[in-house]
Amino acid sequence: GWYALGDQPSQRHINMHVQISQVNESPILLMFDHSKERELSLKTYESIIDVTNNQSRTVFVELQYAVKTTESERIGIDHAAGASVSGFSAVSDVVGSHHTAIEMLNGRVKVISDYIREVKRRKKENRIQL
């Protein structure tokens, strides 16, 4: 099959479809309507030969379909959609807070490490009771 952008097939699409039919016996046309921002606007079409008054012509017939997804796919799509709309996502928020926590922990470990180093060099008095 093949795909095109638009809300419905035109004669131009039929002409292209006839050419594709020469190498693929029964191609399916996927039509994406990119003017609709919030919904998946996808239509599928197959071609049939309509004979009227001994004249044949190629016409498109819309096919029905259903989209089935798993929970993991929905989570991935929600994440991608959230990232594309706001520039950030819930995952990036979590990663950011973890990064901040690690930086704070690293700073505290450095203070303790510096203190132990100074005690070993006998520059500071050991005030910690273990």
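About the thresholds
- Residues numbered from 1 in each chain as written.
- Predicted model: local features only at pLDDT ≥ 70, side-chain atom pairs only at ≥ 80, totals over all residues.
- Heavy atoms only, no water.
- Pairing = 2+ DSSP bridges.
- Helix = DSSP H or I, 4+ residues; strand = E, 2+ residues; numbered from the N terminus.
- Axes fitted to C-alpha atoms, helices over the stretch in contact; angles between N-to-C directions.
- Contact = heavy atoms within 4.5 Å.
- Phe/Tyr/Trp six-rings, centres within 6.5 Å; stacked < 30°, edge-to-face > 60°.
- Buried < 20%, exposed > 50% of the residue type's maximum accessible area, 1.4 Å probe, protein only.
- Core = buried A, V, L, I, M, F, W, Y, C linked by side-chain atoms within 4.5 Å.
- Right-handed = clockwise from strand over helix to strand, strands pointing away.

S.K.: Could you give an account of the sheet that holds strand β4 (residues 55-63), naming the residues involved and the relevant values?
M.R.: With mixed pairing, 4 strands are arranged side by side in an open sheet as β1-β2-β3-β4. The open sheet has two free edges, formed respectively by β1 (2-5) and β4, since each of these has just one partner strand. Strand-to-strand twist of the sheet, defined as the mean angle between neighbouring strand axes without regard to direction, takes the value 35 degrees. For β1 and strand β2 (residues 28-32), the ladder comprises 4 bridges, and the chain directions are parallel. Bridged to L5 within β2 is F32. Sitting on the sheet, helix α1 (residues 11-21) touches β1, β2, β3 (42-52) and β4, and the angle it makes with β1 is about 165 degrees.

S.K.: Give me the lowdown on the packing of aromatic side chains, citing residues and values where you can.
M.R.: A ring pair, where both rings are aromatic, is described by two values, the distance of the centres and the angle of the planes. Counted by the stated rule, this structure contains 2 aromatic pairs. Their ring planes at 75 degrees and their centres at 6.1 Å tell us that Y3 and F32 sit as a pair that is edge-to-face. Taken together, the residues Y3 in strand β1 and F32 in strand β2 connect sequence positions 29 residues apart. On the basis of relative accessibility, which here comes to 29%, the residue F32 falls in the partly exposed class.

S.K.: So, the nonpolar core: which residues are in play, and what are the values?
M.R.: Looking at soluble globular proteins, one finds that nonpolar side chains tend to be buried together. Counting 8 residues, the largest nonpolar core consists of W2, A4, I14, I20, L29, M31, Y45 and F60. Broken down by secondary-structure element, the contributors of at least two residues to this core are β1, α1 and β2. Each residue touching W2, except ones within four places of it in the same chain, is listed here: H13, M16, H17, I20, P27, I28, L29 and L30.

S.K.: Describe in detail the pairing of β2, supporting the description with residues and values.
M.R.: Of the two faces of β2, only the one carrying L29 and M31 is buried; I28, L30 and F32 on the other face are not. Remark: the β1/α1/β2 crossover connection has right-handed handedness. As defined by bridge partners, β2 adjoins β3 across 5 bridges and the pair is classed as antiparallel. Residue L30 lies in a different strand from β3, and its bridge partner there is T44.

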